[in-house]
Amino acid sequence: MPDMRPPHLHPLRWFGQRDCGFAALRRAARAAIMMPAMFAVGDKVIGSPQAATFAAFGSFAMLLLVDFGGLMAQRLQAQAALAVTGGLFVCLATLASQTVWLAAVAMAVVGFGVIFAGVVSSVLAGASTALLLAFILPVSLAAPASAVPDRLAGWGMAGGAALVATALLWPAPARDRLRGATAAACRALGARLRAGVAFHLSGMDGQFALDRDHAVVQANQAVEALRSAFLATPYRPTGLSTPARTTVRLVDELIWLNSIVMQPGLHRYGVNRAALRVREAAAAVLGRAADLLDSRSGSSDELGAALTELAAAHAKLQESVTVGLPVRSLRPASDPAVAGPAVPEPPAGDPAAGGEPASEFITSLDPAFRAEELSHAVSLIARNVELTAAAERRSWRERWLGRQPEGVPGTLSAARERITSYLEPHSVWLHNSLRGAAGLGLAVLAARLTGVQHSFWVVLGALSVLRSNALNTGQDAVRALLGTVAGFIVGAALFAGIGTNTTLLWFLLPVAVFLAGVAPACISFAGGQAAFTLTVVILFNILQPAGWRVGLVRVEDVAFGVGVSLVVGVLFWPRGAAPALRQALAQAYADGAGYLASTVRFGMSRGDPGTPAPAPADDAARAAAAARRLDDAFRTYLAERGAKRFPLADVAGLVTGVAGLRLEADAVLDLWRGDDGQADGDVAAARHEILGTAERVTGWYDALASTMITGGELPQPLAHDKAADDRLVRAVRCDLLGDDGRASATAVRMIWTGDHLDVVCRQQAAIISPARATAGQPAGGRIIPSPPRRLLALLR
């Protein structure tokens, strides 16, 4: 008979399966050493119960509730900032605790500020619970101003212990999962480009095809790993530091680049050598960017040299477009051959040969356009990597003075931009901040008015279970109560056996603290509540022996606190992130479409005898803000437990579509931004065609956003308008042909602008199916006329 017994797992392997990188184990071990030590100093050395209590719970907050990442210097800076800010909260909360209404209002205001401040930085978001604990403890335990020194001394001891433990007790290796995944994606995409070039230059040899397919798989896996690392946290993984801000931009850009590389477009009339040279240069840039991200302190000279080669290859591409196929395609059929070197006859079907319609010219430029799009995307990535390296090379004096690399906004302006972008009625983060503020304020008010013995436990119970929707709040309330009851039962059994022997309790305290640290990660949320209940029962029995009755009081107080959270969860946006996610998607598509339309108008105004349109900076900022709110709503939706109302794969596809729409708008802006504003001919007819196409394409996205909000049938993807292509090429042929018979640079930009709009149009087919799935509609649907631009006002 086969052995059916489960395989034996080594304890470390068991921990490793449940605790990635042993992060919880490391935190728990530090707390098990430092928390009892600080508690002993406050109780036995200083002889102050206030100092002992604040030293114990301060150690718990700064050693168990936070886990800062990055280099050791960055972690110590974050720990020191947490200790200082927490000390300020201890002073303010103690002063506010003397009046009930002031305590409740102060708790609500500070609760909102701390939770909402998480939009500014992932460091602040990760430290929000510890910061809230620093205010909850003193504001719920009323005391006169004379108690401030003892309380501050206890918190200060905890802060010092946290700094020592972080630096000396099993320091975690420097880690930046997002940066490592970004470098790996750059390197894999570069290898994919090189493999594709080798395959085409080899005449599509079978071995090169195998190498190319392997590179494709590796690149897709690297990009997916980057996406997973980006979505691994419940908040956007970026801080206020310049390297963090520039690194996080790379995520959308690399995902977009992978979609560009996946496009065919290398063939039509044989191998386009100029396009292949661009791809080779782009691969070199990506490799140098990955090396620079890995080195952290390396020089960007090699990356700059690779960018120079890419720019040269791009210039040759543009030259080949204007003197190669476009010469034949743009010349009217009746024109005599222009003077100069002889050129081959146009292929069959070329519009200059009088065969196929002029739209054939659009597709004949596809390899060149793909290379142009690739060059822009890779240059954008390299620029952000250069900014990251430049920011890290700054001296401490430059960092202290806030000097930024050229092109990067200052820390204060970045924080202001993030805060204002989330002060929007449909922002999930704003909802969570208001919900948390209401729950904490009401918990303090209810605990103080009812006169419960330990009002701190009431407020902490409310904080521990309040979630983004009423269902998850209710589920966690049940788990918290079950865990607290379990901890009470264990504590009662313990005190039945040992009584109130404080010597034994001192030996048991580190064990209880260790269990409180590892149980949430390795067992469950309820297990963590049980271990924490046992810890506080031991703490309070050391201070003032009362036996198992302390545990019973805690059960009552926690039940009171979770009851407050349940009421708040039902009253404040009880449905959670799902409705807000739909609203955020609609807003992001509407703002992205508005930004694209503005960039096209900006490009078409170049050479206009009237006043040129300004660069759409406001529309760009609006689209970026909507994308950040969508990212927040998506993360909250992922974090919510239970059955998902919308399929995750479909929602992820819609989120990716928003990024693609915004980055295509960036590409159009970049295409025209370097233009001198002087048209090479009469562009009125071509401008009219492109503006009409832009209105039609962006109108479709407006219709999509409108039906996401108001309901109804979603629009069908727009069919490719070959007649519009014909009119555009005829307009370019007639008005933008140079004196030497060659296509002008303006003509190429016009055609490429139309190509960018075509990319956005073809994206509709990829997002309509996920949109119908999230809307609960069948695969069919009818075309809905595009609504007017009043949609943006409706959404706001």
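Residues numbered from 1 in each chain as written. Predicted model: local features only at pLDDT ≥ 70, side-chain atom pairs only at ≥ 80, totals over all residues. Heavy atoms only, no water.

A separate point is the overall build of the chain. Counting secondary structure elements, the chain contains 31 helices and zero strands. Scored against the burial criterion, the 796 residues of the chain give a buried share of 53%. Within the chain, contacts between residues at least 6 apart in sequence are counted, and of these 81% link residues at least 24 apart. (Helix = DSSP H or I, 4+ residues; strand = E, 2+ residues; numbered from the N terminus. Buried < 20%, exposed > 50% of the residue type's maximum accessible area, 1.4 Å probe, protein only. Contact = heavy atoms within 4.5 Å.)

A word on the environment of L310. Within the secondary structure, L310 is located in helix 13 (residues 301-323). Separated by 29 residues in the primary sequence, L310 and A281 place their C-alpha atoms 4.9 Å from one another. Excluding residues that lie within four positions of it along the chain, L310 makes contacts with V278, A281, A282, V285, S375, V378 and S379.

This part covers the packing of helix 5 (residues 100-116) against helix 19 (residues 428-450). Viewed as axis vectors pointing N to C, helix 5 and helix 19 meet at an angle of 155°, and their least axial separation amounts to 8 Å. Between helix 5 and helix 19, the angle falls in the class roughly antiparallel. Between helix 5 and helix 19 lies a crossing of right-handed hand. (Axes fitted to C-alpha atoms, helices over the stretch in contact; angles between N-to-C directions. Parallel < 35°, antiparallel > 145°, perpendicular 65-115°, else oblique. Left-handed = near helix turned anticlockwise from the far one by under 90°.)

The next subject is the packing of aromatic side chains. Under the counting rule described, the total for this entry stands at six aromatic pairs. Seen in terms of ring centroids, F39 and W506 are 5.4 Å apart; in terms of plane orientation they differ by 40°. Their pairing is tilted. Note that F39 is positioned in helix 2 (residues 23-46) and W506 in helix 22 (residues 502-522), a separation of 467 residues in sequence. Between Y422 and W429, the ring centres sit 6.4 Å apart and the planes meet at 70°, which makes this aromatic pair edge-to-face. (Phe/Tyr/Trp six-rings, centres within 6.5 Å; stacked < 30°, edge-to-face > 60°.)

Scanning all chains against the criterion turns up five cavities of 30 Å³ or more. The volume enclosed by the largest cavity comes to roughly 200 Å³. The wall of the largest cavity is formed by 17 residues, among which T693, H720, D725, G754 and D758 lie closest to the centre. Elements with a minimum of two residues in the lining of the largest cavity: helix 28 (684-710), helix 29 (722-735) and helix 30 (745-775). Per element, the largest residue contribution to the lining of the largest cavity is six residues, and it comes from helix 30. Counted by class, the lining of the largest cavity contains eight nonpolar, three polar and six charged residues. The space that makes up the second largest cavity amounts to roughly 130 Å³. Lining the second largest cavity are 14 residues, and of these R30, D67, F68, Q79 and T166 sit closest to its centre. (1 Å grid on protein atoms, 1.4 Å probe; cavity = no way out; pocket = protein on both sides within 12 Å on 5 of 7 lines; lining within 4 Å. Points joined across faces, edges and corners; volume = space filled by probe spheres on them. Nonpolar A, V, L, I, M, F, W, Y, C, P; charged D, E, K, R; others polar.)

One way to put it is that helix 4 (residues 72-96) packs onto helix 7 (residues 128-140) with a least axis distance of 8 Å and a crossing angle of 25°. On the basis of the axis angle, helix 4 is roughly parallel to helix 7. As for how helix 4 packs across helix 7, the hand of that crossing is right-handed. Taken together, the residues of helix 7 that come into contact with helix 4 (itself represented by L82, T85, G86, F89, V90, L92, A93 and T94) are A130, L131, A134, F135, P138 and V139. In the contact of helix 4 with helix 7, the residues fall into eleven nonpolar, three polar and no charged.

All right, on to helix 22 then. Look at helix 22: 29 Å from first C-alpha to last across 21 residues, which is about the 30 Å you get at 1.5 Å a residue. Within the span of helix 22, buried status applies to L505, L509, A512, V513, A516, G517, V518, A519 and C522. (Expected span 1.5 Å × (residues − 1).)

Our next topic: the confidence of the model for the chain. Here the chain averages 75 in pLDDT, while 70% of its residues score no lower than 70. Ranking the elements of the chain by mean pLDDT puts helix 31 (residues 790-795) last with 33 and helix 8 (residues 148-168) first with 93. Every residue in residues 324-364 is under pLDDT 50, and counting partners more than four places away or in other chains gives 69 contacts. (pLDDT = per-residue confidence, 0-100.)

With that out of the way, let us pick up unusual backbone geometry. If you check the backbone angles, W170 has positive phi at about 50° while not being a glycine. Residue placement: W170 occurs in the loop between helix 8 and helix 9 (177-201). Look at W170 and you get partly exposed, because its relative accessible area is 48%.

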